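A look at the structure
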Amino acid sequence: MPKKFIKRFLPDHRTIRDHKHLKMFGRLLYDPNLWHLNRHSVPGAFSVGLIAAFVPLPMQMALAAAGAIIFRVNLPIAVGLVWLTNPFTMPPLFYLQYKIGAWLLQAPATPGVSYQPETKITDFSFDYLIHELGDIWQPFLLGTVILALASALIANIAIRALWRLHIHRYLRKRRGRTTGSH
């Protein structure tokens, strides 16, 4: 992958080290492997970031940072991918996760569980959430795991293939320049 292209979109490492939610990692953020862009760190960062993005818990950025530190992959990419799930994308993704889990468990669709983008957050109550959660947690959790692992695996394979394609094209172009000059 073109490192210069990717580096244009990455924040400065000092910005990430100083982020209020990531300061808990302290000196661990000084590992140089967390900032490298290479054929191992980028696909791994995509896997870690996508898995953390699909986890329906707060502090996904901290989870992605912990995964990047443990697996020594690119930290900015892993943390940045968490933002694929945001307040706009979460409702349809959560519904998809539930539907995948329900399909795999061959569970009937739970009455009242449907994605309605026009529904306001104020329409939900804590009692409603607790009542519905008892009915949907198993399919939702299974769908979450399946979607997180599948997206991480597909992204990892795709990034590795794109990286190899880029290197192959670069080497072919370089050979053409050197053989054409003689």
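Located above this text is the structure these notes cover.
Presented here is an overview of the structure given in this document.

Definitions and cut-offs
- Residues numbered from 1 in each chain as written.
- Predicted model: local features only at pLDDT ≥ 70, side-chain atom pairs only at ≥ 80, totals over all residues.
- Heavy atoms only, no water.
- Phe/Tyr/Trp six-rings, centres within 6.5 Å; stacked < 30°, edge-to-face > 60°.
- Helix = DSSP H or I, 4+ residues; strand = E, 2+ residues; numbered from the N terminus.
- Contact = heavy atoms within 4.5 Å.
- Patch = residues over 30% accessible without salt bridge, like charges linked within 9 Å, V, L, I, M, F, W, Y side chains within 5 Å.
- Areas by Shrake-Rupley, 256 points an atom, 1.4 Å probe, with all protein chains shown as cover.
- Salt bridge = Lys/Arg side-chain N within 4 Å of Asp/Glu carboxyl O.

Let's talk about the packing of aromatic side chains
Aromatic ring pairs: the centre-centre distance and the angle between the two ring planes describe each pair. Counted under the stated rule, the structure contains one aromatic pair. Judged by centre distance (5.3 Å) and plane angle (80°), the rings of Phe 94 and Phe 140 are edge-to-face. In this pair, Phe 94 is assigned in helix α6 (residues 90-105) and Phe 140 in helix α7 (residues 126-180), connecting sequence segments 46 residues apart.

A word on the environment of Ala 152
Mapping Ala 152 onto the fold places it in helix α7. With 108 residues separating them along the chain, Ala 152 and Gly 44 place their C-alpha atoms 8.7 Å apart. In this structure, Ala 152 is in contact with Ser 47, Leu 50 and Ile 51, ignoring residues within four places of it in sequence.

Details of a nonpolar patch on the surface
Side chains of Ile 51, Leu 133, Trp 137, Leu 141, Val 145 and Leu 149 sit close together on the surface and give an oily, nonpolar patch of about 520 Å² of accessible area. Ranked by residue count, the leading element in the nonpolar patch is α7, at five residues. Tracing the backbone shows Val 145 in helix α7.

All quantities given are derived from atomic positions and should not be read as evidence of function.
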